[in-house]
Amino acid sequence: MVTFSSISKTVRFIRRNSNSVLTHLRCMSNVPENTVYGGPKPQNPSHRVTLTHLRQKHKKNEPITMVTAYDYPSAVHLDTAGIDICLVGDSASMVVHGYDTTLPITLDEMLVHCRAVARGAKRPLLVGDLPFGTYESSAQQAVDTAVKVLKEGGMDAIKLEGGAPSRITAAKAIVEAGIAVMGHVGLTPQAISVLGGFRPQGRNVDSAVKVVETAMALQEAGCFSVVLECVPAPVAAAATSALRIPTIGIGAGPFCSGQVLVYHDLLGMMQHPHHAKVTPKFCKQYAHVGDVINKALLEYKEEVTNSSFPSSAHSPYKIGATEIDAFVHQLQKSGLGDAASAAADAAQKIEVTKSQDVERQ
């Protein structure tokens, strides 16, 4: 018989341990006991990078790390490495979708990339690019698109390109709507029609002054950071000195507050001719992952072709001898003689292989 005293003790125990129990449930409630695939470990919310963290790093002159990534696996890698900012860039148009420019990618396509990254990267600040054609018409259009990127894409902030008056107005409107904005000056890939291609900026006096002035205008509009792309190092140094907010350089020399590279570029995943065509000159390859991938695919193809894969080591799911006999019998009863023979032969080959493996040991 359950007494009032025993119920009270149980309630007190649950109350004392409620936090640890709930934490355990949050971590485990969606993971089957006999799961086949594992994922990243749950992240500690207190370790999430915020604008406050970035400001603190900037104040201490600690360089900020940013990487552009487009999917769940790359986001998990960034998470594990402790990268500060993950940019879901419209460069996915070129790197992932195979276009020659960033212009064709749509907002819906960007949102797919944003959601995938948000599921994988729990630590970095997540910034989503506003794709071409989704914020230029009016400040209201810009705000509406930015809201979508946060609500439907799971981002923490957005990035927009350029420093024309309409872009400054758009940035200001988005900030006033309560959304953090990262600016982008110098080479702005969405403006290649005007720039005449992917050309570095700031290489003469007028252009260099324009880079600095545009960065300052974006700061005044409320941007928390500005990307400086493909400008000479002294110009980037001047902009960084003139601003109170951090600059993130890409092909802009070592004097910025931080640096950004594209995941595929820095890992050396440029084996496809298109990737080689769009890989920027300033990119340092920290690995040659493309070579490793090609080698692995060729080995896989060879092993499948010569029937050495999968071996017994990669055929983990077993069925007992009694069950096999019953299975073969049932197949024969159903008129599936060939299938019954195939099952019996396979079971016999597995036993022979197992015996050979034992002898080798």
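Scroll up to find the structure.
Not measured: the values here are computed from a predicted model. Within each chain, residues carry numbers counting from 1 in the order of the written sequence. The model is predicted, so local features are restricted to residues of pLDDT at least 70 and side-chain atom pairs to those at 80 or more, both for listing and for counting; the totals for chains, interfaces and linings are taken over all residues. Processing note: side-chain calculations cover all non-hydrogen atoms of the structure and skip hydrogens and water entirely.

Draft legend 1. Local environment of the packing of helix 4 (residues 72–81) against helix 6 (residues 107–120). An axis is simply a line fitted to the C-alpha atoms; with a helix, the fit covers only the stretch in contact. Between two such axes, the angle follows the N-to-C directions and lies from 0 to 180 degrees. In this text, helices come from DSSP runs of H or I with a minimum length of four residues, and strands from runs of E with a minimum of two, each type numbered from the N-terminal end. Interhelical geometry of helix 4 versus helix 6 gives an angle of 40° and a closest axis separation of 7 Å. In terms of orientation, helix 4 and helix 6 fall into the oblique class. As helix 4 runs across helix 6, the sense of the crossing is right-handed. On helix 6, the residues that touch Tyr72, Ala75, Val76 and Asp79 of helix 4 are Ala116, Val117, Arg119 and Gly120. Each angle is binned into one of four classes, with values under 35 degrees roughly parallel, values over 145 roughly antiparallel, values of 65 to 115 roughly perpendicular, and all other values oblique. We call a crossing left-handed when the near helix sits turned anticlockwise from the far one by less than a right angle, and right-handed when that turn is clockwise. What makes two residues a contact is simply this: any of their non-hydrogen atoms within 4.5 Å.

Draft legend 2. Representation of the packing of aromatic side chains in the model. Under the pairing criterion, centres of Phe, Tyr and Trp rings, with the six-membered ring standing for Trp, must be within 6.5 Å; the plane angle then separates stacked pairs below 30 degrees from edge-to-face pairs above 60, leaving the rest tilted. Counted by the stated rule, this structure contains 1 aromatic pair. Summarising the aromatic geometry, the rings of Tyr300 and Phe309 are spaced 6.1 Å apart at their centres and angled 70° between planes, so their arrangement reads as edge-to-face. Accessible area is worked out with a 1.4 Å probe on protein chains only. A residue is then buried under 20% of its type maximum, exposed over 50%, and partly exposed in between. On the accessibility criterion, Phe309 (34% relative accessible area) is partly exposed.

Draft legend 3. Structural detail: the pattern of salt bridges. By convention in these notes, a salt bridge is any Lys or Arg side-chain nitrogen within 4 Å of a carboxyl oxygen on Asp or Glu. Per the counting criterion, the structure on display carries 8 salt bridges. Glu351 is the salt-bridge partner of Lys354, the closest N and O atoms lying 3.5 Å from each other. Here Lys354 and its partner Glu351 are both found in helix 16 (residues 337–360), 3 residues apart, which amounts to about one turn of the helix. Three or more residues are tied together by salt bridges with common partners; here these are Lys57, Asp84 and Arg123.

Draft legend 4. Local environment of the nonpolar core. Put simply, a nonpolar core is a bunch of buried Ala, Val, Leu, Ile, Met, Phe, Trp, Tyr and Cys residues held in one set by side-chain atoms that sit within 4.5 Å of each other. Of all hydrophobic cores here, the largest spans 59 residues; its most connected members are Ile158, Leu160, Ile174 and Leu228. A per-element tally of this core places helix 6 first, with 6 residues. When near neighbours in sequence (up to four residues on either side) are disregarded, Leu228 contacts Val185, Val211, Ala236, Ala239, Thr240, Thr247, Ile248, Gly249, Ile250, Ala252 and Cys256. Counting residues in hydrophobic clusters, the runner-up holds 16 residues, among them Ala157, Met182, Ile248 and Ile250.

Draft legend 5. Just the pairing of strand 7 (residues 247–250), in detail. Here strand 7 shows a buried face lined by Thr247 and Gly249 and a second buried face lined by Ile248 and Ile250. Should DSSP find at least two bridges between two strands, the strands are regarded as paired. Relative to strand 7, strand 6 (residues 225–229) runs parallel, the two being bridged by 4 bridges. Bridged to Val226 within strand 7 is Thr247. Examined bridge by bridge, strand 7 and strand 8 (residues 258–262) share 2 bridges and lie parallel to one another. If you follow Ile248 over to strand 8, its bridge partner there is Gly258.

Draft legend 6. Up close: the sheet that holds strand 5 (residues 180–186). Spatial strand order, 1-2-3-4-5-6-7-8: 8 strands in a closed barrel with parallel pairing. Within the sheet, the average angular offset between the axes of one strand and its neighbour, ignoring direction, is 25°.

Draft legend 7. Representation of the packing of helix 10 (residues 205–220) against helix 11 (residues 233–242). Helix 11 packs onto helix 10 with a crossing angle of 30° between their chain directions and a minimal axis gap of 9 Å. With respect to each other, helix 10 and helix 11 are oriented roughly parallel. The way helix 10 lies across helix 11 gives a crossing that is right-handed. Across from Ala208, Val211, Val212 and Met216 in helix 10, the residues of helix 11 making contact are Val235, Ala238, Ala239 and Ala242. Tallied by class, residues from the contact of helix 10 with helix 11 come to 8 nonpolar, no polar and no charged. When residues are grouped by polarity, Ala, Val, Leu, Ile, Met, Phe, Trp, Tyr, Cys and Pro land in nonpolar, Asp, Glu, Lys and Arg in charged, and all others, Gly among them, in polar.

Draft legend 8. Local environment of the pairing of strand 1 (residues 64–68). Within strand 1, 4 of the 5 residues are buried, leaving the element largely enclosed by the surrounding structure. Here strand 1 runs beside strand 8; their pairing, made up of 5 bridges, is parallel. Counted as the bridge partner of Thr65 is Gln259 from strand 8. Pairing between strand 1 and strand 2 (residues 85–88): 3 bridges, direction parallel.

Draft legend 9. Highlighting helix 11. Among the residues making up helix 11, those that are buried are Val235, Ala236, Ala239 and Thr240. In a view along the axis of helix 11, the buried residues occupy a sector of 135°, so they form one face of it. Exposed and facing more than 90 degrees away from the buried side of helix 11 are Pro234 and Ser241. On its buried face, helix 11 sits against helix 10, strand 6 and strand 7. Note that the arc is defined by the directions from the helix axis to the C-beta atoms.

Draft legend 10. Layout of unusual backbone geometry. At the junction of Phe309 and Pro310, the peptide bond is cis and its omega measures out at 0° in the coordinates. Checked against the element boundaries, Pro310 lands in the loop between helix 14 (289–305) and helix 15 (321–333). A positive phi angle, near 60°, is found at Asn61, a position not held by glycine. Relative to the elements of secondary structure, Asn61 occurs in the loop between helix 3 (51–59) and strand 1.

Draft legend 11. View of helix 10. Each helix should span, by expectation, one fewer than its residue count multiplied by 1.5 Å. Given a rise of 1.5 Å per residue, 16 residues ought to cover 22 Å, and the 23 Å separating the end C-alpha atoms of helix 10 matches this to within 8%. Of the residues making up helix 10, those classed as buried are Ser207, Ala208, Val211, Val212, Thr214, Ala215, Leu218 and Gln219. The buried residues of helix 10 occupy an angular sector of 160° when the element is viewed end-on, so they sit on one face. For helix 10, the exposed residues set more than 90 degrees away from the buried face come down to Val205, Asp206, Lys210, Glu213 and Glu220. Of the surrounding elements, those touching the buried residues of helix 10 are helix 8 (165–176), strand 5, strand 6 and helix 11.

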